[in-house]
Amino acid sequence: MTPIMIAALGLLMVATAFLSGLFGMAGGLILIGVLLALMPLPTAMVLHAITQMASNGWRALLWRAHIRWRPVANYMVGAAIALAAWSLTRYVPDKPMALLLLGITPFMARLLPANIKPDPDRLWQGTVYGTICMGLMLMTGVSGPLLDTFFLGGDFGRREKVATKAMCQLVSHFTKLIYFGGIIDQAASLDPVLAGVAILASMLGTTLARRILEAMTDQQFVAWSNKLIPTIACYYIAYGGWLMLRVPVLAAFDRGGLQ
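Residues numbered from 1 in each chain as written. Predicted model: local features only at pLDDT ≥ 70, side-chain atom pairs only at ≥ 80, totals over all residues. Heavy atoms only, no water.

- In the annotation of an unreviewed UniProt entry, the protein chain is listed under the name Probable membrane transporter protein and assigned to Bradyrhizobium amphicarpaeae.
- Quoted verbatim from the Sequence similarities (unreviewed entry) field of the UniProt record, the comment on the protein chain reads "Belongs to the 4-toluene sulfonate uptake permease (TSUP) (TC 2.A.102) family." (UniProt positions renumbered as here; feature names shortened; annotations may be inferred.)

Dropping the structure here:
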């Protein structure tokens, strides 16, 4: 990649890490969509994993006093099960499918019955959510919106939610790095300069968000999260749907099937 492209990606990573530092999500959702548009899927997944590991790892360090470790341990059990299962098939989705799933993921959480509230401290629930979220991570690159439901049943303030989720996401993205960087047949490599820029940009964006998160109320946190995620998700559904339909539609035009 050219120096200008690397610099532009670095600025984008600062901005997306800033968003994730505020809401514990959204930044990674935006970043993976841009990376999928610019590079092959395995390479995009590896770069996204490194970026998000830096962002979530630094966020977890900044808010380490607020991490709830039992839900993290429960989640790790499910993530390990998912990695073992996916390693048997080594499946890699195509870009249109990944983008469509990326857009649908935030709405999956809303399909849960209103009377069901997960308990993050229960092992079996953490295992189920960890397995499902890790499966989504290996198909779309993100699982944050669905992972949010993992904390619905717990008594989490915004700091505890951001900190605990950051640890779960650190585990998920490390697992994704192992899968796309070494397990699949078309394992990706990455320019070390770009990887270094990604790490520094993610740490900077996360640090900049801390003071604003401190000033934000829990009500503001929820309100902005509920507006931001559906907007981004709808864009990916439209984009992925267009990529999936583009080839047959253009072929129909070429044959004169559409006037």
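Picking up after the structure, the text goes on.
Considering the environment of I229
Point 1. On the secondary structure map, I229 appears in helix α10 (residues 218–254).
Point 2. Relative accessible area serves as the criterion here: at 7%, I229 is assigned to the buried category.
Point 3. With 199 residues separating them along the chain, I229 and I30 place their C-alpha atoms 9.7 Å apart. (Helix = DSSP H or I, 4+ residues; strand = E, 2+ residues; numbered from the N terminus. Buried < 20%, exposed > 50% of the residue type's maximum accessible area, 1.4 Å probe, protein only.)

Focus: the packing of helix α3 (residues 41–62) against helix α8 (residues 158–183)
Point 1. Remark: α3 packs on α8, axes separated minimally by 8 Å, with the N-to-C direction vectors making an angle of 150 degrees. When the axis of α3 is compared with that of α8, the two are roughly antiparallel. Crossing of α3 over α8 shows left-handed handedness.
Point 2. Looking at the contact of α3 with α8 residue by residue, the classes come out as 16 nonpolar, seven polar and two charged. (Axes fitted to C-alpha atoms, helices over the stretch in contact; angles between N-to-C directions. Parallel < 35°, antiparallel > 145°, perpendicular 65-115°, else oblique. Left-handed = near helix turned anticlockwise from the far one by under 90°. Nonpolar A, V, L, I, M, F, W, Y, C, P; charged D, E, K, R; others polar.)

Focus on the pattern of salt bridges
Point 1. Throughout the structure, instances matching the rule amount to two salt bridges.
Point 2. A salt bridge links R68 to D121; the shortest N-O distance between them is 3.9 Å. Placement of the pair is R68 in the loop between α3 and α4 (69–89) and D121 in the loop between α5 (95–108) and α6 (123–140), with a sequence separation of 53 residues.
Point 3. Taking relative accessible area as the criterion, R68 reaches 23% and is therefore assigned partly exposed.
Point 4. Classification of D121 by relative accessible area gives partly exposed; the value is 29%.
Point 5. Across the pair E160 and R68 runs a salt bridge whose closest N-O atoms are separated by 3.5 Å. (Salt bridge = Lys/Arg side-chain N within 4 Å of Asp/Glu carboxyl O.)

Section: α4
Point 1. If you check α4, its first and last C-alpha atoms are 31 Å apart, about what 21 residues at 1.5 Å a residue would give, namely 30 Å.
Point 2. Every buried residue of α4 is listed here: P71, V72, N74, Y75, G78, A79, A82, L83 and W86.
Point 3. Positive phi appears at R90, one or two residues downstream of α4, with a value of about 55 degrees. (Expected span 1.5 Å × (residues − 1).)

Some details on helix α2 (residues 27–38)
Point 1. Look at α2: 17 Å from first C-alpha to last across twelve residues, which is about the 16 Å you get at 1.5 Å a residue.
Point 2. Listed as buried for α2 are G27, G28, L29, L31, I32, G33, L35 and L36.

What to know about the packing of aromatic side chains
Point 1. Applying the stated criterion across every chain, the model contains five aromatic pairs.
Point 2. For the ring pair W86 and Y179, a centre distance of 6.5 Å and an interplane angle of 90 degrees mean the geometry is edge-to-face. Of this pair, W86 sits in helix α4 while Y179 sits in helix α8, placing them 93 residues apart in sequence. This pair shows no difference in class: W86 is buried, exactly as Y179 is. (Phe/Tyr/Trp six-rings, centres within 6.5 Å; stacked < 30°, edge-to-face > 60°.)

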